[in-house]
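Working through the structure, step by step
Here is how the chains run, residue by residue.
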Protein chains: 2
Amino acid sequence: MTRTVGVLGGLGPDATLDFFAKVLRASRAEREQDHLRLLIDNNPQVPDRNAALTGRGASPGPALAGMARGLEAAGADFLVMVCNTAHAYQADIEAAVRVPFVSLIDETVHATLRAVPGARAVGLLATTTCLDAGLYQRAFAPHGVRMIEPDAAGRARFMEVLYRIKAGDTGAAVRADMRALGLALADAGADALVAGCTEVPLVLGAADVPVPLISSTDVLVERTVQYARGLAPLPTRSTEVPS
Amino acid sequence: MTRTVGVLGGLGPDATLDFFAKVLRASRAEREQDHLRLLIDNNPQVPDRNAALTGRGASPGPALAGMARGLEAAGADFLVMVCNTAHAYQADIEAAVRVPFVSLIDETVHATLRAVPGARAVGLLATTTCLDAGLYQRAFAPHGVRMIEPDAAGRARFMEVLYRIKAGDTGAAVRADMRALGLALADAGADALVAGCTEVPLVLGAADVPVPLISSTDVLVERTVQYARGLAPLPTRSTEVPS
């Protein structure tokens with residue numbers, strides 16, 4: 001049994017391409033027909049999540065709901081979204097479709113707890129908007145894990161670096177800046193780091209930081225392949241993830 | 001004005017990933033929201049085109065028609081297909097939807113005539129099925145261009161190399177084999193070579209052969225961006241391409 005994956009993407013496009021490439025690698029098959037079917041809506045024209053959540057732009061909710069409906073209509077059996085921040089609009093997406101939506105946030109939290117069982121403090125590399133929306137904080141809290149977040153200067157630096165990546169710059173300077181942001185969180189006592197933004201793995205690898213780095217993209221890739229292959233039961237509509 | 005691109009893909013997935021990456025590169029924008037919207041149906045489960053056209057498998061026509069309908073329903077303004085051989089089923093696709101279908105074959109023929117204006121003989125690296133279906137031969141004939149095709153041994157070798165690429169092998173041996181196939185066509189008098197299979201550019205570049213190499217993938221990328229940006233009028237339903 002295989003399930004067709006619906007991908008809300010384009011937020012940004014490079015992160016979606018990265019996800020697509022990694023799903024192909026993770027589901028490599030000898031025979032072309034044994035590969036997974038992915039329906040990808042690469043829609044960079046969704047209003048900016050960071051602008052919207054800070055009151056400087058239109059809500060991306062309706063656009064995301066429309067994409068979800070289109071993917072369901074085209075045959076998706078479940079949905080994933082390659083963007084952490086946009087999970088602030090998960091309710092809009094779930095209200096629009098009947099198929100399950102796999103939360104990147106919940107999956108990453110569970111993967112972190114599995115990878116670093118004793119973790120008490122987790123550093124979070126994410127957009128200011130994602131941090132302020134409390135997406136990871138709320139998901140980690142029931143497990144007694146506290147978050148270590150960048151300070152005000154670190155937040156501003158993260159957003160600056162993020163928009164450089166989104167503009168196509170993944171050069172040495174951008175990599176050094178992202179690494180410095182990760183190291184600061186490790187210095188502040190983080191037992192693990194979550195790359196809680198799908199642009200982060202484009203410029204930061206596990207070897208760049210002294211504590212385990214959990215890439216939300218890699219987690220979503222691994223779980224997407226498992227769900228698509230029928231190797232894990234899909235989460236119910238309450239966004240719960242089977243542990 | 002931008003148009004949403006519907007992509008019939010997964011035939012195979014690596015060629016679709018290659019197309020997606022090249023479209024992103026070709027339409028690079030400073031602001032994420034200025035990128036193009038692509039709806040990609042990466043469906044490797046479409047029955048094997050080569051098996052079908054040689055009577056050894058089910059027709060992919062109904063699956064391709066269903067993908068086209070889904071992409072149209074999800075919002076595609078026009079369709080492209082990242083597979084030369086599957087263009088043998090273009091009529092099934094066009095019968096299923098109202099939006100224009102951009103023919104990779106027609107676009108590649110026009111691009112070849114533009115790139116090598118005096119070409120009298122064009123070498124064709126394509127699947128046996130694509131060769132036998134006469135897709136390129138019929139499109140080139142009105143322009144007085146004759147095709148140079150691999151001989152029987154070359155055809156067999158091409159198919160063997162193709163399935164190695166589809167299984168993920170893009171190593172040195174595969175590259176050398178594809179290069180030898182291209183050189184043989186140039187030796188036989190080809191003024192230009194058409195990489196008439198979207199797996200070919202994964203292992204063969206312009207620098208590998210002594211005559212101009214026209215990549216059908218690159219042509220489709222360039223034209224897709226032009227159509228999506230409204231810089232070229234879309235072909236009418238007769239599959240004609242404006243020259």
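Preceding this section is the structure that the text describes.
The structure displayed is predicted, hence computed values, not measured ones.

Here we look at the sheet that holds strand β4 (residues 121-125) of chain B
All names here are of chain B.
- Here we have four strands laid out as an open sheet, ordered β5-β4-β6-β7, and parallel in their pairing. Only two strands of the sheet have a single neighbouring strand rather than two, namely β5 (146-148) and β7 (213-215). Put simply, the sheet's adjacent strands are angled 30 degrees from each other on average, direction ignored.
- Against the sheet, helix α5 (residues 104-115) makes contact with β4, β6 (192-195) and β7, and its axis sits at roughly 150 degrees relative to β7, the strand it touches most.
- Across the sheet, helix α9 (residues 172-187) touches β4, β5 and β6, and the angle it forms with β4 is around 160 degrees.

Things to note about the pattern of salt bridges
- Within this structure, the stated rule accounts for 27 salt bridges over all chains.
- The salt bridge involving Glu-149 of chain B is made with Arg-155 of chain B; its shortest N-O contact spans 3.3 Å.
- Taking relative accessible area as the criterion, Glu-149 of chain B reaches 29% and is therefore assigned partly exposed.
- Linked by salt bridges that have partners in common, Arg-157, Glu-160, Arg-164 and Asp-177 of chain A make up one network.

Looking at the environment of Thr-198 of chain A
Residues and elements named next belong to chain A.
- Checked against the element boundaries, Thr-198 lands in the loop between β6 (192-195) and β7 (213-215).
- For Thr-198, a relative accessible area of 2% gives the class buried.
- For the pair Thr-198 and Gly-154, spaced 44 residues apart in sequence, the C-alpha to C-alpha distance is 18 Å.
- Setting aside its immediate chain neighbours within four residues, Thr-198 contacts Leu-11, Ala-15, Val-82, Cys-83, Asn-84, Leu-104, Ser-216 and Thr-217.
- Of the polar contacts made by the side chain of Thr-198, one reaches the backbone oxygen of Val-82; its length is 3.3 Å.

Details of the nonpolar core
- Ranked by size, the top nonpolar core spans 48 residues in total, and within it Phe-19 and Leu-38 of chain A together with Phe-19 and Leu-38 of chain B carry the most contacts.
- Among residues more than four places away in sequence, those in contact with Leu-38 of chain A are Val-5, Val-7, Phe-19, Phe-20 and Val-23 of chain A together with Ile-40, Asp-41 and Asn-42 of chain B.

Rules behind the numbers
Residues numbered from 1 in each chain as written. Chains lettered and ligands numbered in written order. Predicted model: local features only at pLDDT ≥ 70, side-chain atom pairs only at ≥ 80, totals over all residues. Heavy atoms only, no water. Pairing = 2+ DSSP bridges. Helix = DSSP H or I, 4+ residues; strand = E, 2+ residues; numbered from the N terminus. Axes fitted to C-alpha atoms, helices over the stretch in contact; angles between N-to-C directions. Contact = heavy atoms within 4.5 Å. Salt bridge = Lys/Arg side-chain N within 4 Å of Asp/Glu carboxyl O. Buried < 20%, exposed > 50% of the residue type's maximum accessible area, 1.4 Å probe, protein only. Polar contact = N/O pair within 3.5 Å; in protein donor to acceptor, adjacent residues only side chain to side chain. Core = buried A, V, L, I, M, F, W, Y, C linked by side-chain atoms within 4.5 Å.

Keep in mind these numbers describe shape, not what the thing actually does.
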